[in-house]
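Per-entry structural report
This is what each chain is made of:
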Amino acid sequence: MSKQSYGIFQGMRYSDFLFLWVLFANLLLVAYLGVGDHQKALKIAYSQTNGEQIIAWFDGFNQKLQENEPVAQNSCVPAQEGVASPEGTKPNTWKDCIGSLFAADGPFHEYTNLLMPEDAPYANKCDKHELGTSGAFIFEKMTMNPVGPPAVGPMEPHEKLVSGMNIRLSVCDTGYYLVKIGEFKL
């Protein structure tokens, strides 16, 4: 070998090594963040699948009510609109219904908040100031508007369940935006 042949690193300056080190560190960081974001996206997609099963359950529940068949979740039976409830009974509320659905003996007891496992699987609204709402199911009441899109608001815990009530189900993603899953009617 002649004196003028150099190895790959022999002609490099300190700044060249620093540049390569920063480049490599950035590539590792991008790969790490990409894998993390991909895992979170998979969890949101799995939550959407669970949400579709919730909607299917409510559709079956509504069909049983229309056919006067017995139902397991009596706390979700809506009051008939315009019909007075029998003396001594109170109408079911959303808090009782949703609590029974996700309780230990409810049909969705296995569903969890996949992004924040220590938090509840459902929330009143998707709020970036409440970190536990990320990954939670969000149920919203829809009020039909004859001249435009429906008005949408959160299902409050004290909300009385009334037949014909339209509800939208969404999941709160990592950026605290709603990912709409579907709608169902009580």
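Quick note: structure is the one above.
Residues numbered from 1 in each chain as written. Predicted model: local features only at pLDDT ≥ 70, side-chain atom pairs only at ≥ 80, totals over all residues. Heavy atoms only, no water.

Looking only at helices and strands, the protein has 2 helices and 5 strands in total. Helices and strands in the protein line up, N terminus first, as α-α-β-β-β-β-β. Taking 186 residues into account, the globule formula puts the C-alpha radius of gyration at 16 Å, and the protein, at 26 Å, lies well above it. Sorting the 186 residues of the protein into buried and exposed places 31% on the buried side. Split by element, the accessible area of the protein, about 12400 Å² in all, is 58% carbon and sulfur. Taking the 14 positively charged and 20 negatively charged side chains of the protein as two groups, their mean positions are separated by 9 Å. (Helix = DSSP H or I, 4+ residues; strand = E, 2+ residues; numbered from the N terminus. Rg over C-alpha atoms; globule rule 2.2 N^0.38 Å. Buried < 20%, exposed > 50% of the residue type's maximum accessible area, 1.4 Å probe, protein only. Areas by Shrake-Rupley, 256 points an atom, 1.4 Å probe, with all protein chains shown as cover. Lys, Arg positive; Asp, Glu negative; His and termini not counted. Charge placed at Lys NZ, Arg CZ, Asp CG, Glu CD.)

Below, the discussion takes up the state of the cysteines. Per the stated rule, a full pass over the model turns up 2 disulfides. Cys 76 shares a disulfide with Cys 97; S-S distance 2.0 Å. Because the torsion about its S-S bond is 100°, the bridge between Cys 76 and Cys 97 counts as right-handed. Taken together, the residues Cys 76 in the loop between helix H1 (14-66) and helix H2 (94-101) and Cys 97 in helix H2 connect sequence positions 21 residues apart. On the basis of relative accessibility, which here comes to 0%, the residue Cys 76 falls in the buried class. Between Cys 126 and Cys 172 runs a disulfide, and the two sulfur atoms are separated by 1.9 Å. Around the S-S axis, the bridge from Cys 126 to Cys 172 shows a dihedral of about 60° and counts as right-handed. Of this pair, Cys 126 sits in the loop between strand E1 (122-123) and strand E2 (137-143) while Cys 172 is found in strand E4 (residues 166-172), placing the two residues 46 residues apart along the sequence. By sequence order of its bonded cysteines, the protein has the disulfide arrangement 1-2, 3-4. (Disulfide = S-S within 2.5 Å.)

Our focus in this paragraph is the pairing of E2. For E2, a buried count of 5 out of 7 residues is recorded, marking the element as mostly surrounded by other parts of the structure. Sheet topology note: the E1/E2 ladder contains 2 bridges and is parallel. Bridge pairing links Ala 123 to Ile 138 in E2. Looking at chain direction, E2 and E4 are connected through 6 bridges and run antiparallel. Counterpart to Met 142 in the pairing with E4 is Asn 166. Across 4 bridges, E2 lies against strand E3 (residues 151-154) in antiparallel orientation. When the bridges of E3 are listed, Met 142 appears paired with Val 152. (Pairing = 2+ DSSP bridges.)

In this structure, Ile 54, Trp 94 and Phe 139 are the most contacted members of the largest nonpolar core, which totals 26 residues. Those elements that place two or more of their residues in this core are H1, H2, E2, E4 and strand E5 (178-185). Of the residues forming this core, the biggest block, 5 residues, is contributed by H1. With residues near it in sequence (within four places) discarded, Phe 139 still touches Ile 54, Trp 94, Ile 98, Tyr 122, Ala 123, Asn 124, Pro 154, Met 155, Ile 167, Arg 168, Leu 169 and Phe 184. Among the nonpolar cores identified, the runner-up in size contains 6 residues, and Ala 123, Cys 126, Ala 136 and Ile 138 belong to it. (Core = buried A, V, L, I, M, F, W, Y, C linked by side-chain atoms within 4.5 Å. Contact = heavy atoms within 4.5 Å.)

Before going further, it helps to spend a moment on H2. Three or more residues of H2 are buried, namely Trp 94, Cys 97, Ile 98, Ser 100 and Leu 101. Angular distribution of buried residues about the axis of H2 spans 160°; they occupy a single face of the element. On its buried face, H2 sits against H1, E1, E2 and E4. (Arc of directions from axis to C-beta.)

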